[in-house]
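In case you want the letters, here they are:
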Amino acid sequence: MTIRVVIVDDQAMVRAGFAALLGAQSDIDVVGDAADGRQALEVSGRTHPDVVLMDVRMPEMDGLEAARRLLDPAAGGGHRPKVLMLTTFDVDDYVYEALRAGASGFLLKDAPPADLISAVRVVAAGEALLAPSVTRRLIEEFARTRPAPRRDRRLRLNGLTPRETEVLELIARGLSNQQIAERLIVAEQTVKTHIGRILAKLGLRDRAQAVVLAYESGLVTPGQ
């Protein structure tokens with residue numbers, strides 16, 4: 001199955017470079033590009049991509065607002081692509097807010113080409129891009145410095161079973177499905193089943209939002 005991608009960045013050279021790299025892959029098809037958030041909404045609405053590579057800082061409409069609109073279930077557009085944020089900064093407030101809005105992760109613009117290709121495939125498959133340590137640093141940083149009210153978020157976790165709560169904690173610590181399975185001595189498919197139930201019970205889109213909620217609810221604390 002071919003992964004349909006839209007590239008959003010205010011620098012034409014960046015768009016061209018990413019398009020050439022991704023377009024050379026047999027399983028990836030670059031179906032459009034845009035120079036700002038407004039164009040991204042128009043192009044995405046017309047091309048229905050699987051993944052949108054979204055720059056954070058752009059004129060007219062930044063990547064955060066564009067991601068919010070693309071991922072807003074109340075928008076009524078029907079098609080909701082996966083959004084992978086692109087940034088030049090290790091820790092960026094905009095990226096954290098994008099994760100809260102439902103973005104599937106983020107990638108530094110200077111990451112190796114192989115990482116970009118892999119990130120598109122990971123996000124398209126429905127996983128969150130949370131493996132890089134920089135992502136965990138970002139989430140921990142903003143969970144520490146800008147904590148949201150925790151009571152309501154903690155109450156949301158009450159519907160989880162003890163095992164599901166344990167799995168959520170391990171997800172927030174950055175463990176992969178395989179690592180969680182090894183830790184709990186269960187099959188990897190069992191872990192996937194637990195994660196599916198966690199997301200459904202909490203009304204979350206993917207692992208990225210699960211990690212944010214785990215920190216904001218106090219289930220996991222930075223540096224713990």
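Residue indices follow the written sequence of each chain, beginning from 1 at its first position. Whole-chain, interface and lining totals are the exception, using all residues; otherwise, since this is a predicted model, local features are given only for residues with pLDDT of at least 70 and side-chain atom pairs are given and counted only at 80 or more. As a rule here, side-chain values come from all non-hydrogen atoms in the structure, and water together with hydrogens is ignored.

### Observations concerning the pairing of strand E3 (residues 51-55)
Logical step 1: Whether a residue is buried, partly exposed or exposed follows from its accessible area with a 1.4 Å probe, protein chains only, as a fraction of its type maximum: under 20%, in between, or over 50%, in that order. Comment: elements are numbered from the N terminus, with helices defined as DSSP H or I runs of at least four residues and strands as E runs of at least two. A large share of E3 lies buried, amounting to five of its five residues.
Logical step 2: Burial of the side chains of E3 extends over both faces: Val 51, Leu 53 and Asp 55 are buried on one face and Val 52 and Met 54 on the other.
Logical step 3: Criterion used throughout: strands pair if DSSP finds at least two bridges between them. Of the pairings in the sheet, the one linking strand E1 (residues 3-8) to E3 comprises four bridges and is parallel in character. Each bridged residue has a counterpart across the sheet, and for Val 5 the counterpart in E3 is Val 51.

### Details of the packing of helix H1 (residues 12-23) against helix H5 (residues 113-124)
Logical step 1: Only the stretch in contact is used when a helix axis is fitted, and all axes are lines through C-alpha atoms; the angle between N-to-C directions ranges over 0 to 180 degrees. Running from N to C, H1 and H5 point in directions that differ by 70°, and their axes come no closer than 10 Å. The orientation of H1 relative to H5 falls into the category roughly perpendicular. Handedness of the crossing formed by H1 with H5: right-handed. Counting all contacts with H1, which are made through Phe 18, Leu 21 and Leu 22, the residues of H5 involved are Pro 113, Leu 116, Ile 117 and Val 120.
Logical step 2: Any residue that is not Ala, Val, Leu, Ile, Met, Phe, Trp, Tyr, Cys, Pro, Asp, Glu, Lys or Arg is counted as polar, Gly included; the first ten are nonpolar and the last four charged. For the contact of H1 with H5, the per-class residue count stands at seven nonpolar, no polar and no charged. Any angle from 65 to 115 degrees is called roughly perpendicular, while one under 35 is roughly parallel, one over 145 is roughly antiparallel, and all others are oblique. With the far helix as reference, a near helix turned anticlockwise by less than a right angle produces a left-handed crossing, and one turned clockwise produces a right-handed crossing. In this description, contact between two residues means that some pair of their heavy atoms is separated by no more than 4.5 Å.

### Quick word on the pairing of strand E2 (residues 28-34)
Logical step 1: Relative to E2, E1 runs parallel, the two sharing six bridges. Paired with Val 8 across the two strands is Ala 34, which belongs to E2.
Logical step 2: With H1 bridging E1 and its parallel neighbour E2, the resulting β-α-β unit is right-handed. The handedness rule is simple: strands pointing away from the viewer, and a clockwise path from the first strand over the helix to the second, make the crossover right-handed.

### Things to note about the side chain of Lys 109
Logical step 1: Within the fold, Lys 109 resides in the loop between strand E5 (105-108) and H5.
Logical step 2: Sequence-distant contacts of Lys 109, defined by excluding residues within four places in its chain, comprise Asp 9, Gln 11, Phe 18, Asp 55, Leu 86, Thr 87 and Thr 88.

### Some words on unusual backbone geometry
Logical step 1: At His 48, a position not held by glycine, the phi torsion is positive, near 50°.
Logical step 2: Mapping His 48 onto the fold places it in the loop between helix H2 (37-47) and E3.
Logical step 3: On the basis of relative accessibility, which here comes to 41%, the residue His 48 falls in the partly exposed class.
Logical step 4: Unusually for a residue other than glycine, Glu 60 sits at a positive phi of about 70°.
Logical step 5: If you trace the backbone, Glu 60 turns up in the loop between E3 and helix H3 (63-71).

### A word on the nonpolar core
Logical step 1: Counting 24 residues, the largest nonpolar core has Leu 157, Leu 168, Ile 180 and Leu 202 as the members making the most contacts within it.
Logical step 2: Going through the elements one at a time, helix H8 (162-172), helix H9 (177-184), helix H10 (188-202) and helix H11 (207-216) are the ones with two or more residues in this core.
Logical step 3: Of all hydrophobic cores here, the second largest spans 21 residues; its members include Ala 40, Leu 64, Leu 70 and Met 85. We call a set of buried residues a nonpolar core when its members are Ala, Val, Leu, Ile, Met, Phe, Trp, Tyr or Cys and they connect through side-chain atoms within 4.5 Å of each other.

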